[in-house]
Amino acid sequence: MLPSAIPVKTQAGRLEIDERKLKIGARQRMVLISINGERPVSSIRQQFAAMNEIDSVLDELLANGLIEVPQAAVPAPAAAASPAAVVAEIEVELPEPAKPKTKAKAEAKAKAKPEAAPPPVEAKPSMGFDPLLQAAREYMSRTLIAKAGLRSFLFAQKIEKCPSRDALREMLPEFRRVLRKHVDAGKVAEFSAQAEAMLG
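**Student:** Would you mind going over a nonpolar patch on the surface with me for this structure?
**Tutor:** Where nonpolar side chains cluster on the molecular surface, the patch consists of Ile145, Leu150, Phe153 and Leu154 and spans about 430 Å² of accessible area. Note on placement: Leu154 falls in helix α10 (residues 153-160).

Here it is in structure tokens:
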């Protein structure tokens with residue numbers, strides 16, 4: 001997959017996150033959850049730098065029909081990759097339509113806004129975003145709601161607000177205790193093991 005390609009979840013991918021029918025591995029699930037249709041492959045590789053086989057994980061998700069790379073999404077990163085060139089183009093084009101001043105200003109504003117928007121969007125995931133923590137929080141909170149119902153809602157909210165993997169690990173005993181009231185010991189061990197694996 002090209003570094004500039006922007007993968008997006010398919011309908012099957014979104015269903016897999018909710019229903020887990022394909023029972024994909026924890027790593028594939030973490031990568032699938034992190035794909036939001038805005039970041040190119042190069043950004044995803046950076047976030048999962050610790051995962052040596054990130055390319056093969058992406059290929060598996062693509063082969064299983066859980067993600068796709070729309071053709072329309074491929075040119076976008078090329079423009080974003082060279083902001084200096086884009087700015088230079090805008091500055092060269094602005095002096096030409098100088099005769100109708102109002103139109104030139106309107107065009108300059110229209111062009112400046114879309115170009116200014118992408119940098120903040122790409123900066124947020126790369127700063128402090130922990131895909132492992134995000135996936136584990138989502139898995140634990142969904143498991144609690146699915147198995148324990150609304151009684152576990154407040155605890156599920158605490159899990160979703162956990163600031164770090166260590167803090168989330170400290171919640172595992174309580175996570176197991178709540179589940180024991182609603183599922184058998186084997187299932188509790190299975191859910192707990194998967195949560196621990198996600199936390200790394």
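That shown, we press on.
**Student:** Is there a simple way to think about the pattern of salt bridges in this case?
**Tutor:** If the charged atoms of two oppositely charged side chains come close together, the side chains can form a pair. Enumeration according to the criterion identifies 10 salt bridges in this entry. A salt bridge links Glu19 to Lys21; the nearest nitrogen and oxygen atoms lie 3.3 Å apart. Here Glu19 falls in the partly exposed class, since its relative accessible area comes to 40%. A relative accessible area of 66% places Lys21 in the exposed class. Residue Glu138 pairs with Arg142 through a salt bridge whose shortest N-O separation is 3.2 Å.

**Student:** Looking at this structure, how should I read the layout of surface pockets?
**Tutor:** Taken as a whole, the largest pocket encloses approximately 420 Å³ of empty space. Every residue lining the largest pocket is counted, 16 residues in all, and those nearest its centre are Arg20, Tyr139, Glu190, Phe191 and Gln194. The set of elements that each furnish at least two residues to the lining of the largest pocket consists of α1 (11-19), α9 (131-148) and α13 (185-199). Ranked by residue count, the leading element in the lining of the largest pocket is α9, at five residues. Residue classes in the lining of the largest pocket are distributed as five nonpolar, two polar and nine charged.

Calculation criteria
- Residues numbered from 1 in each chain as written.
- Predicted model: local features only at pLDDT ≥ 70, side-chain atom pairs only at ≥ 80, totals over all residues.
- Heavy atoms only, no water.
- Patch = residues over 30% accessible without salt bridge, like charges linked within 9 Å, V, L, I, M, F, W, Y side chains within 5 Å.
- Areas by Shrake-Rupley, 256 points an atom, 1.4 Å probe, with all protein chains shown as cover.
- Salt bridge = Lys/Arg side-chain N within 4 Å of Asp/Glu carboxyl O.
- Helix = DSSP H or I, 4+ residues; strand = E, 2+ residues; numbered from the N terminus.
- Buried < 20%, exposed > 50% of the residue type's maximum accessible area, 1.4 Å probe, protein only.
- 1 Å grid on protein atoms, 1.4 Å probe; cavity = no way out; pocket = protein on both sides within 12 Å on 5 of 7 lines; lining within 4 Å.
- Points joined across faces, edges and corners; volume = space filled by probe spheres on them.
- Nonpolar A, V, L, I, M, F, W, Y, C, P; charged D, E, K, R; others polar.

Such coordinate-based values are descriptive only and should not be taken to indicate function.
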